[in-house]
Amino acid sequence: MSSDQKASTPARTPVYALCGNPNCGKSTLFNALTGLKQKVGNYPGVTVEKKIGETYSQHGQPIKIIDLPGAYSLAARSPDEAVLRDVLLGRRADTPQPDRVVCIADASNLERNLYLIHQILDLGRPVILVLNMMDLAAKSGIGIRVARLEKELGIPVIPCEAVNGKGLIELRLAMSRSDLPLPRHRWDIPAPIAPAVSELAASLAQNDRKPPLIARAEALLLLTDQDTVRVAGSAALTPQTASILQQWQKRWEAEGTDWAGTLVNSRYDAISVICNEVVQRQAVSVASVSDRIDAVVTHPVFGWLVLGAVMTALFLSIFTLAEYPMNWIDGHMAGLSDWVKSAMAPGDLRDLITDGAIGGVGGVIVFLPQILILYFFISLLENTGYMARAAFIMDRLMSRVGLNGKSFIPLLSSYACAIPGIMATRTIEDPKDRLVTILVAPLMSCSARLPVYLLMIAALVPGDRVPVASKVGIMLLMYALGTLGAFGFAWLFKRTLLKGEPPMMIMELPPYRLPRLRDVALQMVERAWLFLRRAGTVILGISIVLWFLSAYPKAPQGATPTQQLEQSFAGQAGKVLEPVIKPIGFDWHIGIGLITSFAAREVFVSTMGVVFNAETNDQDTTPLRQALLQARWPDGRALFSPLVCFTLMVYYVFAMQCMSTVAVVRRETNSYRWPAFQIAYMTGTAWVLSFIVYQGGRALGF
Amino acid sequence: MADTQKLSQLTIGASAVVREMPKQGPAFLRLREMGLLAGTSLRLVRTAPLGDPIEIKVRGYHLTLRKSEADQIVVEPSSAN
């Protein structure tokens, strides 16, 4: 680089990494520092949220802040922790290298919070320690001698209450310092492993070309990081270093040295010495608020009632509250489409705009109210601390099929829509448990299946003579079937395809906290935006493709919509499909519905309306029901016999009839193999079960 | 050494000190990193409504683990609290 080029380049914006344990108030601090100046994305190749924000120093200079995922240790056990490790060690080329680190610790729980920080101090970068939740600590009788801690660690320590904005000015001042000191804290690596650490560090510096301080940190990490979590972007060790590590491990095994344990112990010993100096405890005799809440919430009887009440509230709001904005959106989309129809000359372009684009966009945003409510609840449950309790209560049941309690909320969300459910699996650390949860989540009956069930039940047991109870019974049966299927397949996958480590449930139960509405709202909007980008674009694309398939080739002038659909590509495909679906009682009319409902399952209903030339609207499906009951096979048999209606419901319970879910699974698993497998196993099961139901029913004389 | 027992057999509300942690296995490494080491004192707060997992208080915070792990951790009940 020439010298004048150098002069023209402005000084690089300093990059801070923000890290700490989960539940230490990191997001609140990040939001408070950066306001809405945040970019939320994804680390390429892993499904870990990447958040980078900007703030200003005291002198108005920009500062970049990377909000790293919460973690307990640099020895990664989940993709989240692996990203933290790799960014801090400078292993990721896709993320700016942090120059400095802001560590956040929950002041009321300093000892455990200091473990991660102790590892970070080894990295040889300037560190600022933020002691968050000082007020809560004081309330539970814990005082911290900040000046003493500063002296022990040799870094600035800033007491803070991120929720009230206290301490932010001091933090900004510290972040603006150009002379931030390197940590002074030294601890002795225990004798049995010290020679190994220096040998590994030397090899890492020489062979793997690591800077000396990073080499030491990496060497220490190699002893505890069993590298179970390799994520895209982490580089492998050179053979020289790997063989040194192996030799030492062999030797230690022969000697009976517990190398990983020794290392963790010595860190905690050093931390205990510090904490004895700086933490002042006053015995508080009254049980904390959290303890009293937990006495009810995790009570053998009341616990279930609370869980049931929370879930009921969640689903009531999704299904009732969402209805108003959904109708509003529906109405406006229809209005918009009418307006375009009146303003444009009839033709293909107009149809593409009204039926393809507006219909497609409408199909996406009509789900948004439900998704927003779902995300609002999930954020609320996470931020208050109830999510961990739900996992705690449900763990035993989930363990029956080899999963753990953390799969509960994703599966539950899938009753509303599998897409947010699948996106919520990110909290599951174990990659195999997460994959199993993703694979079975779409079996939970989502809200898009509801219109299909309702139509089939209406056709199966026509209105007046049948008591409501039996209709509800059939509906519940479908939900039960899907749920059983999900658990059954989870059990099967955990035993065969994705046999893994024995499941564990090592989880912190954080104290209950009143969430800040701003943080909850921000999280909800971020996730909804992610949903729109992930699923929205796919739903839109598929809607247009499916519109094209049912609009072309064009029928001669004057053809009815029914004739048009019959001879379109979709209609032809339905006929091609007939031999495959005839054994389960479906004809090509139904085949068309199976194809078009890949956009979203409820499209089946409107397709049936077009296929059988019946007026439909959301409020009243009576004309369609009648049209269905009059539909006949060429030989005069009724097409929608009660048995076929029932079989069709069973088919919809199991079949992977949703391209948006497929697209999201592809993103979240980062592979084409798993979504392909998912389509195959789900639709295969749907066909086999439908075959059994239909042929069995016929044999029994239905 | 006084009487020891498995962590999973501790009665609810009882306090104890960890005496032995298994050396192998990612679960125990993680438990150590979460601060559960030989010599650490803990209190069994409760078990989940269905009996598993258990909740302990250790180093001032609440942690859950399954009985299958707790079975392999040896503790010595202490009279304090």
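Calculation rules
Residues numbered from 1 in each chain as written. Chains lettered and ligands numbered in written order. Predicted model: local features only at pLDDT ≥ 70, side-chain atom pairs only at ≥ 80, totals over all residues. Helix = DSSP H or I, 4+ residues; strand = E, 2+ residues; numbered from the N terminus. Rg over C-alpha atoms; globule rule 2.2 N^0.38 Å. Buried ≥ 20, exposed ≤ 12 C-beta atoms within 10 Å, placed from the backbone. Contact = placed C-beta atoms within 7 Å. Axes fitted to C-alpha atoms, helices over the stretch in contact; angles between N-to-C directions. Left-handed = near helix turned anticlockwise from the far one by under 90°. Nonpolar A, V, L, I, M, F, W, Y, C, P; charged D, E, K, R; others polar. Domains from an automatic or database assignment. Pairing = 2+ DSSP bridges.

Some points on the overall build of chain A
The secondary structure content of chain A amounts to 31 helices and ten strands. For 702 residues, the compact-globule estimate of 2.2 N^0.38 gives 27 Å, and the C-alpha radius of gyration of chain A, at 30 Å, lies within 12% of that figure. Oriented by its inertia axes, the alpha-carbon framework of chain A measures out at about 90 × 65 × 55 Å. Every one of the 702 residues in chain A was classed for burial, and the buried ones make up 46%. Of the contacts made within chain A by residues no fewer than 6 positions apart, 72% connect residues no fewer than 24 positions apart.

A short note on the packing of helix α20 (residues 431–440) of chain A against helix α22 (residues 468–495) of chain A
Axes are the key here: two packed helices are described by the angle between their axes and the distance separating the axes. All names here are of chain A. Running from N to C, α20 and α22 point in directions that differ by 145°, and their axes come no closer than 9 Å. Relative to α22, the crossing made by α20 is right-handed. Residues V436, L439 and V440 of α20 pack against A486, F489, A490, F493 and K494 of α22. Here the residues of the contact of α20 with α22 are counted per class, giving seven nonpolar, no polar and one charged.

What about the domain arrangement of chain A?
With domains assigned, chain A is organised as domain 1 (194–281) and domain 2 (537–699). Distance between the C-alpha centres of domain 1 of chain A and domain 2 of chain A: 57 Å.

A few points about the interface of chain A and chain B
The accessible area lost on association of the parts is a frequent measure of interface size. In this complex, chain A contributes 34 residues to the contact, which on the side of chain B involves 29 residues. Of all the secondary-structure elements, those providing two or more residues to the side of chain A that touches chain B are α4 (110–121), α11 (259–278), α13 (302–321), α17 (386–399) and β10 (507–509) of chain A. Classifying every residue of the side of chain A that touches chain B by side-chain character gives 17 nonpolar, nine polar and eight charged. In terms of strand pairing, β10 of chain A meets strand β5 (residues 61–65) of chain B through three bridges, oriented antiparallel. The residue of β5 of chain B that forms the bridge with M507 of chain A is T64 of chain B.

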